[in-house]
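These are the residues of each chain, in order.
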Amino acid sequence: QVQLEESGGGLVQAGGSLRLSCAASGRTFSSKAMGWFRQAPGKEREFVAAISWSGGRPYYADSVKGRFTISRDNAKNTVYLQMNSLKPEDTAVYYCAAASSVVVVSSTVNSWGQGTQVTVSS
């Protein structure tokens, strides 16, 4: 089991930036990739970004491409999500996820973070 501890999030105006962090502990060897999902009220959880521990190649949802940057620090077992040019539609609870595959989708996630609220005002 991988334990995920998130930090960051908060309230920001449109066009602003936030940086989320997620530190992994426990059986981190069982995780091949890390990712971020988000869920807005009344909406289903959606994929945001992912990165593999070994290759470090990022992958993004079209909705955030060019604005968000995912990165990882293997020595710290930590993944980051730098969110720039934030829009009101980015408002959601953001969840860190550890996946058993380099393909990060709900079915491959074996650990979830507690979630952190990101609110973007217009």
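Just above sits the structure.
Residues numbered from 1 in each chain as written. Predicted model: local features only at pLDDT ≥ 70, side-chain atom pairs only at ≥ 80, totals over all residues. Heavy atoms only, no water.

J.: Would you explain the nonpolar core in this entry?
T.: Where a protein is soluble and globular, its nonpolar side chains tend to be buried together. One finds Met-34, Trp-36, Leu-81, Met-83 and Tyr-94 to be the most contacted residues of the largest nonpolar core, which totals 36 residues. Among the secondary structure elements, those contributing two or more residues to this core are strand E1 (2-7), strand E3 (18-26), strand E4 (33-39), strand E5 (46-52), strand E7 (68-73), strand E8 (78-83), strand E9 (92-99) and strand E11 (116-121). If you tally residues by element for this core, the top one is E9, at six residues. Here Met-83 is in contact with Gly-16, Ser-17, Leu-18, Leu-20, Arg-67, Phe-68, Tyr-94 and Val-118, once residues within four sequence places are set aside. (Core = buried A, V, L, I, M, F, W, Y, C linked by side-chain atoms within 4.5 Å. Buried < 20%, exposed > 50% of the residue type's maximum accessible area, 1.4 Å probe, protein only. Helix = DSSP H or I, 4+ residues; strand = E, 2+ residues; numbered from the N terminus. Contact = heavy atoms within 4.5 Å.)

J.: Which parts of the structure should I look at to understand the sheet that holds E7?
T.: In a beta sheet, neighbouring strands pair by backbone hydrogen bonds and run either parallel or antiparallel. Read across the sheet, four strands follow the order E1-E3-E8-E7 without closing on themselves; strand pairing throughout is antiparallel. The open sheet has two free edges, formed respectively by E1 and E7, since each of these has just one partner strand. The average angle at which neighbouring strand axes cross in this sheet is 20°, direction not considered. In terms of strand pairing, E7 meets E8 through six bridges, oriented antiparallel. Looking at E8, one finds that Asp-73 is bridged to Thr-78. (Pairing = 2+ DSSP bridges. Axes fitted to C-alpha atoms, helices over the stretch in contact; angles between N-to-C directions.)

J.: I tried to follow a nonpolar patch on the surface on my own but got confused; where do I start?
T.: Residues Val-102, Val-103 and Val-105 make up a contiguous nonpolar surface patch of roughly 240 Å² in combined accessible area. Summarising the element assignment, Val-103 is placed in the loop between E9 and strand E10 (109-112). (Patch = residues over 30% accessible without salt bridge, like charges linked within 9 Å, V, L, I, M, F, W, Y side chains within 5 Å. Areas by Shrake-Rupley, 256 points an atom, 1.4 Å probe, with all protein chains shown as cover. Salt bridge = Lys/Arg side-chain N within 4 Å of Asp/Glu carboxyl O.)

J.: Sorry if this is basic, but what is going on with the state of the cysteines here?
T.: Covalent bonding between the sulfur atoms of two cysteines is what defines a disulfide. Tallied over the full model, the rule gives one disulfide. Across the disulfide, Cys-22 is cross-linked to Cys-96 (sulfur-sulfur distance 2.0 Å). Across the S-S bond of Cys-22 and Cys-96 the torsion is about -85°, and the bridge reads as left-handed. With Cys-22 in strand E3 and Cys-96 in strand E9, this pair connects stretches of sequence that are 74 residues apart. (Disulfide = S-S within 2.5 Å.)

J.: It is not clear to me how the pattern of salt bridges should be interpreted in this structure. Could you clarify?
T.: Once the charged atoms of two side chains with opposite charge are near each other, the side chains can pair. Tallying each qualifying case throughout the model produces four salt bridges. Of the charged contacts in the structure, one is a salt bridge between Lys-65 and Asp-62, with a shortest N-O distance of 3.2 Å. By the burial criterion, Lys-65 is exposed, and Asp-62 matches it. Between Arg-67 and Asp-90 there is a salt bridge; the shortest N-O distance is 2.7 Å. A residue pair is termed long-range when its members are at least 10 positions apart, and Arg-67 in the loop between strand E6 (58-60) and E7 and Asp-90 in the loop between E8 and E9 qualify at 23 residues. Grouping residues by exposure puts Arg-67 and Asp-90 together as buried.

J.: I tried to follow unusual backbone geometry on my own but got confused; where do I start?
T.: Within the chain, Asn-77 stands out as a residue other than glycine whose phi angle is a positive 50°. In this fold, Asn-77 is placed in the loop between E7 and E8. Positive phi outside glycine occurs at Ser-85, with the angle close to 50°. As for its position among the elements, Ser-85 is in the loop between E8 and E9.

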